[in-house]
Amino acid sequence: MAFGPEAVTCGEAMLLMLAEPGVPLERATHFRRAVAGAESNVAAGLARLGHPARWLGRVGADPAGDAVLRELRADGVDVSYAVRDPEAPTGLLLRDSHPQRAIDAQYYRTGSAGSRLTPAQIVPEALHGARLVHVSGITPMLSRSAAEATHRLIEVARQAGAAVSLDPSVRENLGGDHAWIRTVGPLLREADLVVAGEDELELLLGGGADEGAKALLELGRAGTVVVKRRDHSATAVSREGTWRHEPFAVQVADPVGAGDAFAGGWLSAWLRGAPPERALAEAACVAALAVQAPADTDGLPTAALRDRTLAMFGGGGAHRPG
């Protein structure tokens, strides 16, 4: 990447051990290895869609860390600024996969290398030339130093002239409601682009999601807020208007990773200057492809596959609510 990345993501990447399809975690005997992590998923998604992408984070100086970095490189993600931690292990996620029951996910991330992210790791050179910097709410919830690193990331992004994208990605296992409101709520007002679930905006901002989105446009830095609805539709809200897109009907194999896929699809469209209705259609398409395959990133498409699939779906589907 001689000219630097177009997009930079920063956060946790873990080794994922995924149980054989349909078998409860406690009964599974066969597992396959993959990579999991909100920001690394988005980086992989953007890279497959043709955008030079870089991932910042920490992994252990261990075989799991080797596997994580190798998989990200294979997807075309630049990991040249990733840190190998000789004193902490790479985080591990064990989970099962089933489209019609709750997923059992067991995280082994306490004291992991990813949780030891520090502000010192966020150097201006890593963001040189980037137009977009993406982070999730998971990262600042991992530890105090990771929260400080997230604030440093936003500061350096501003200095670099890059837009900041935030997906809250609320996970109950990382803290209670008050911890999320205190740690991630303020970050929403620092983001230029917000991609959030309806329930996440209600939690972090109070009141309804639509009111929260409008408040971010009026009181924060956001130019666009994308709301992922409980019914799996999505709405994009900006000062120019509101657009809504219904979900594409597909056969779900593994629902985990849909949100990261959606974010990657939306951000790809934003980077290319696509209008909101097209961006929503692409995001929904990328998410629909992702959930038809196991693991977090197996189904992430190339740009050509995205466009072929959109044509098969009938094009767009986004509209301005009447």
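Right, let's walk through the structure included here. (Residues numbered from 1 in each chain as written. Predicted model: local features only at pLDDT ≥ 70, side-chain atom pairs only at ≥ 80, totals over all residues. Heavy atoms only, no water.)

## Description of the environment of Leu-132
- Within the secondary structure, Leu-132 sits in strand S10 (residues 132-136).
- The class for Leu-132 is buried, based on a relative accessible area of 0%.
- The spatial distance from the C-alpha of Leu-132 to the C-alpha of Leu-49 is 15 Å, given a sequence separation of 83 residues.
- Beyond its immediate chain neighbours, meaning those up to four positions away, Leu-132 contacts Glu-6, Ala-7, Val-8, Ala-162, Ala-163, Ser-165, Leu-193, Leu-267, Trp-270 and Leu-271. (Helix = DSSP H or I, 4+ residues; strand = E, 2+ residues; numbered from the N terminus. Buried < 20%, exposed > 50% of the residue type's maximum accessible area, 1.4 Å probe, protein only. Contact = heavy atoms within 4.5 Å.)

## Re the environment of Leu-216
- Examined against the element boundaries, Leu-216 turns out to sit in helix H8 (residues 209-219).
- Among all residues touching Leu-216, those that are not within four sequence positions of it are Leu-188, Arg-189, Val-194, Leu-201, Leu-205, Arg-221, Ala-222 and Val-225.

## What about the packing of helix H1 (residues 38-48) against helix H9 (residues 258-271)?
- Two elements in contact, H1 and H9, have axes separated by 8 Å at closest approach and are oriented at 45 degrees. It follows from the interaxial angle that H1 and H9 lie oblique. In this structure, the crossing between H1 and H9 has a hand that is right-handed. Where H1 abuts H9, its residues Ala-38, Asn-41, Val-42 and Leu-46 lie against Asp-260, Ala-263, Gly-264, Leu-267, Ser-268 and Leu-271. (Axes fitted to C-alpha atoms, helices over the stretch in contact; angles between N-to-C directions. Parallel < 35°, antiparallel > 145°, perpendicular 65-115°, else oblique. Left-handed = near helix turned anticlockwise from the far one by under 90°.)

## Describing the pairing of strand S2 (residues 14-19)
- Most of S2 is tucked away, with 5 of its 6 residues classed as buried.
- As paired strands, S2 and strand S3 (residues 31-36) are joined by 6 bridges and run antiparallel to one another. Paired with Ala-19 across the strands is Phe-31, a residue of S3.
- Strand direction decides the pairing type here: S2 and strand S8 (residues 92-95), joined by 4 bridges, are parallel. Bridged to Met-17 within S8 is Leu-94. (Pairing = 2+ DSSP bridges.)

## Focus on the side chain of Thr-90
- One can find Thr-90 in the loop between strand S7 (83-85) and S8.
- Within polar-contact distance, the side chain of Thr-90 engages the backbone nitrogen of Gly-60 at 2.8 Å.
- Separated by 2.8 Å, the side chains of Thr-90 and Asp-62 make a polar contact. (Polar contact = N/O pair within 3.5 Å; in protein donor to acceptor, adjacent residues only side chain to side chain.)

## Observations concerning the sheet that holds S3
- Ordered in space as S3-S2-S8-S9, the 4 strands form an open sheet in which the pairing is mixed. Of all strands in the sheet, those bounded by a partner on one side alone are S3 and strand S9 (105-108). Put simply, the sheet's adjacent strands are angled 20 degrees from each other on average, direction ignored.
- Running at roughly 65 degrees to S3, helix H2 (residues 63-74) makes contact with S2 and S3 of the sheet.

## Concerning the nonpolar core
- Counting residues in each nonpolar core, the largest one holds 42 residues, and the members touching the most others are Leu-56, Leu-127, Leu-153, Val-194, Leu-201 and Val-225.
- Sorting elements by how many residues they give to this core places helix H4 (residues 144-160) first, with 6 residues.
- The contacts of Leu-56, once residues within four sequence positions are left out, are Val-8, Thr-9, Cys-10, Gly-11, Tyr-81, Gln-121, Ile-122, Ala-126, Leu-127 and Leu-153. (Core = buried A, V, L, I, M, F, W, Y, C linked by side-chain atoms within 4.5 Å.)

## Here we look at the pairing of strand S4 (residues 53-56)
- On S4, burial covers both faces: Ala-53 and Trp-55 on one face and Arg-54 and Leu-56 on the other are all buried.
- Pairing between strand S1 (residues 7-10) and S4: 4 bridges, direction parallel. Following the sheet pairing, Val-8 is matched in S4 by Arg-54.

## With respect to the side chain of Ser-233
- Mapped onto the elements of the fold, Ser-233 is located in the loop between strand S13 (224-228) and strand S14 (234-238).
- Take Ser-233: its relative accessible area is 2%, and that puts it in the buried class.
- A polar contact is formed between the side chain of Ser-233 and the side chain of Asp-231, at a distance of 2.6 Å.
- Apart from the residues lying within four places of it in its own chain, the contact partners of Ser-233 are Val-227, Lys-228, Arg-244, His-245, Glu-246 and Pro-247.

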